[in-house]
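Residue-level structural notes
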Amino acid sequence: MIHSTLPRPARRTRARRASRILLALSAMAALIGVDLPDAAAGPPLGVTAWALPGATTDRVGALFAGSRDGGHHCTAAVVHSEEGDVIATAAHCLESPSTTVFAPGYRDGKAPYGFWRITAAYIAPGWTDGQDPDDDVAFATVAPVDGGRTGGVEDLVGGFPVAAEQPDDARVTVIGYPRTLEAPVRCANTTDLLSATQRRIGCPDLTGGTSGSPWLVKGALAGVLGGYEGGGSVPEISYSAVLGAQAVELYREARS
């Protein structure tokens, strides 16, 4: 049976090492007055850089727990649904769904598409009962915090399709929000399997806060950063649970 209730607190934290490469890139860009590569142009494989605003990046947002003044702690992304109100993230990012808010396109302290509260969380019992890393995937429905908007978040930014079946060596783009930064970063690389249920990618500086980041294959969500070791014990190697039948069923429940 699949639970759509609020899970008990159970989060595995990601490494919190400072993002030295990103800070160096930021300083260099400021000195010479240019922008870093965006998601369209793309840096070389295995290089982490700023993700500039655009149709793809704006579907990704920061998750805030409790007061927004406390800073963001995870990442989530809008996925396609009939009502346009579904996001995907890691299960361990939803310790307290009732007080968690989502800000798509968040950048430099501003939420251009507003803040969205979670109205229901869809998490597999393998996570809620035993924190199984293979079930560290969650979907949730959201609604505007202020109640002043009509329509769903997907009407504003679009939504990623969900693609569960991917080859072992799929090329993945990860977009997420390190806790110490106020703008998203992105990295693309070829992945491989740690096991039949866990996929991994080599990308530097995906530090704490990037848990829940979408793993995109040809514009479709094929996973979220999480799973084994809570997504990874070092910032250079990250993981995602392979999307299987359980995750697909969660998605179907959330979007119906």
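Keep in mind it's a predicted model, so treat the numbers as computed, not measured.

For the rest of this paragraph, the subject is the packing of aromatic side chains. The way to describe two aromatic rings as a pair is by their centre distance and the angle between their planes. Taken as a whole and assessed by the stated rule, the structure comprises 5 aromatic pairs. Considering the side-chain rings of phenylalanine 64 and phenylalanine 115, the 5.9 Å spacing of their centres and the 75 degrees angle between planes classify their relative orientation as edge-to-face. Of the two residues, phenylalanine 64 is situated in strand β2 (residues 60-65) and phenylalanine 115 in the loop between β5 (100-104) and β6 (116-123); the sequence distance between them amounts to 51 residues. For phenylalanine 64, a relative accessible area of 2% puts it in the buried group. On the accessibility criterion, phenylalanine 115 (23% relative accessible area) is partly exposed. Between tyrosine 228 and tyrosine 239, the ring centres sit 4.9 Å apart and the planes meet at 80 degrees, which makes this aromatic pair edge-to-face. Here tyrosine 228 is found in the loop between β13 (220-224) and β14 (237-241), whereas its partner tyrosine 239 is found in strand β14, with 11 residues between them in sequence. A relative accessible area of 9% means that tyrosine 239 is categorised as buried. Positioned above the aromatic ring of phenylalanine 160, the side-chain terminus of arginine 59 is 5.2 Å from the ring centre.

Turning our eyes to something else, we now look at the sheet that holds β14. If you walk across this open sheet you meet the 3 strands as β10-β11-β14, and the pairing is antiparallel. Edge positions in the open sheet fall to β10 (192-195) and β14, since each of these has one partner strand only. Averaged over neighbouring strand pairs, the angle between their axes works out to 40 degrees when direction is ignored. Across 3 bridges, the pairing between β10 and strand β11 (residues 198-202) is antiparallel. Pairing of aspartate 192 across the sheet is with arginine 200, part of β11.

Time to look at the confidence of the model for the chain. Taken residue by residue, the chain gives an average pLDDT of 86. The fraction at 70 or more is 83%. In the model, residues 1-40 has pLDDT below 50 throughout and makes 93 contacts with residues more than four positions away in sequence or in other chains.

We now examine the sheet that holds β5. The antiparallel closed barrel is built from 6 strands, whose spatial order is β2-β3-β4-β7-β6-β5. Taking the axes of each pair of neighbouring strands and ignoring which way they run, one obtains an average angle of 40 degrees across the sheet. Looking at chain direction, β2 and strand β3 (residues 72-79) are connected through 5 bridges and run antiparallel. The partner of leucine 63 across the bridge, within β3, is cysteine 74. Docked against the sheet, helix α4 (residues 245-255) engages β3, β4 (86-89), β6 and β7 (138-144), running at close to 20 degrees with respect to β7.

Cut-offs applied
- Residues numbered from 1 in each chain as written.
- Predicted model: local features only at pLDDT ≥ 70, side-chain atom pairs only at ≥ 80, totals over all residues.
- Heavy atoms only, no water.
- Phe/Tyr/Trp six-rings, centres within 6.5 Å; stacked < 30°, edge-to-face > 60°.
- Helix = DSSP H or I, 4+ residues; strand = E, 2+ residues; numbered from the N terminus.
- Buried < 20%, exposed > 50% of the residue type's maximum accessible area, 1.4 Å probe, protein only.
- Lys NZ or Arg CZ within 6 Å of the ring centre and 35° of its normal.
- Pairing = 2+ DSSP bridges.
- Axes fitted to C-alpha atoms, helices over the stretch in contact; angles between N-to-C directions.
- pLDDT = per-residue confidence, 0-100.
- Contact = heavy atoms within 4.5 Å.

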